[in-house]
Amino acid sequence: MTENNILFATGRRKTSVAQVRLAPGGGKHTVNAKPADQFFGGHLSHKHTAFLPLQKSEQGKGFDVTVKVTGGGITGQAEAIRHGIARALAKIDQD
């Protein structure tokens, strides 16, 4: 963990790059300064894909997630976010 228990990681998929910040909090998800629901719009499967590591991990509960993602399409961005979140959670526990 880093100072103040904030975790940073970068995820990549194809031409998409996601800079992920996990901070202790109530579970708020923000992507490119928008709530995740608004960013992904009607693409609920992409939102599910992006935040899957938080659901599968015990450590993932209780984090606010802030993401800045660029490049590619919506699918690549969702997968880059997933990769970044997984890498940040791996800093807590390799298992």
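Since the structure is predicted, the reported quantities are computational estimates derived from the model, not experimental observations. Residue positions within a chain follow its written sequence, with the count starting from 1. Thresholds applied to this predicted model are a pLDDT of at least 70 for local features of residues and 80 or more for the giving and counting of side-chain atom pairs; totals over whole chains, interfaces and linings are not thresholded and use all residues. Note that the side-chain values use all heavy atoms of the structure and ignore hydrogens as well as water.

Brief notes about the overall build of the protein
Then step 1. Across its full length, the protein holds four helices and five strands.
Then step 2. Going from the N terminus to the C terminus, the protein shows its helices and strands as β-β-β-β-α-α-α-β-α.
Then step 3. For the radius of gyration, the atom set is restricted to C-alpha positions; the globular benchmark scales as 2.2 Å times the number of residues to the power 0.38. For the protein, the C-alpha radius of gyration of 12 Å lies close to 12 Å, the compact-globule estimate for 95 residues.
Then step 4. Burial analysis of the protein (95 residues in total) assigns 37% to the buried set.
Then step 5. A distance of 10 Å separates the average location of the 13 positive side-chain charges in the protein from that of its 7 negative side-chain charges. A helix here means a DSSP run of H or I that spans at least four residues, while a strand means a run of E at least two residues long, and both kinds are numbered starting from the N terminus. Accessibility here uses a 1.4 Å probe with only protein chains present; expressed as a share of the type maximum, an area under 20% marks a residue as buried, one over 50% as exposed, and anything in between as partly exposed. Note on charges: Lys and Arg go in the positive column, Asp and Glu in the negative column, and His and the chain ends are not counted at all. Throughout, a charge is located at the NZ atom of Lys, the CZ atom of Arg, the CG atom of Asp or the CD atom of Glu.

Some thoughts on the sheet that holds strand E1 (residues 7–13)
Then step 1. Within the open sheet, the five strands sit side by side as E1-E2-E5-E3-E4. Their pairing is mixed. If you trace the sheet from one side to the other, it starts and ends with E1 and strand E4 (34–35), each paired once.
Then step 2. Sheet analysis places strand E3 (residues 29–31) next to strand E5 (residues 63–70), joined by three bridges and oriented parallel. Looking across to E5, one finds that Thr30 is bridged to Thr66.
Then step 3. Only heavy atoms enter the contact rule, under which two residues are in contact if any of them lie within 4.5 Å. Axis definition: a line fitted to C-alpha atoms, over the contacting stretch in the case of helices. Angles run 0 to 180 degrees between N-to-C directions. Seen against the sheet, helix H4 (residues 74–90) touches E1, strand E2 (16–24), E3 and E5 and runs at an angle of roughly 145 degrees to E1. Note on pairing: two strands pair once DSSP finds at least 2 bridges between them.

Structural notes on unusual backbone geometry
Then step 1. Phi is positive for Lys14, close to 55 degrees, though the residue is something other than glycine.
Then step 2. For Lys14, the location among the structural elements is in the loop between E1 and E2.
Then step 3. Positioned with a positive phi, Ala33 is a non-glycine residue whose angle comes to about 65 degrees.
Then step 4. The topology assignment puts Ala33 in the loop between E3 and E4.
Then step 5. For Ala33, a relative accessible area of 75% corresponds to the exposed category.

Looking at the environment of Ala9
Then step 1. Mapped onto the elements of the fold, Ala9 is located in strand E1.
Then step 2. Residues Ala9 and Gln55, spaced 46 residues apart in sequence, show a C-alpha to C-alpha distance of 18 Å.

Remarks on the side chain of Gln77
Then step 1. Assignment of secondary structure puts Gln77 in helix H4.
Then step 2. Gln77 sits in the buried class, given a relative accessible area of 12%.
Then step 3. Residues contacting Gln77, with those up to four places away along its chain left out, are Ser16, Phe39, Val69, Thr70, Gly71 and Gly72.

Concerning the packing of aromatic side chains
Then step 1. To pair, rings of Phe, Tyr and Trp, with the six-membered ring standing in for Trp, must have centres within 6.5 Å; the planes then decide the type, stacked if under 30 degrees apart, edge-to-face if over 60, and tilted in the middle. Counted according to the given criterion, the structure contains two aromatic pairs.
Then step 2. Judged by centre distance (5.1 Å) and plane angle (85 degrees), the rings of Phe39 and Phe40 are edge-to-face.
Then step 3. Relative to Phe51, the ring of Phe40 lies with its centre 6.5 Å away and its plane at 90 degrees, an arrangement referred to as edge-to-face. Pair noted here: Phe40 is in helix H1 (residues 36–40) and Phe51 is in the loop between helix H2 (44–50) and helix H3 (52–56), with a separation of 11 residues, a long-range link.

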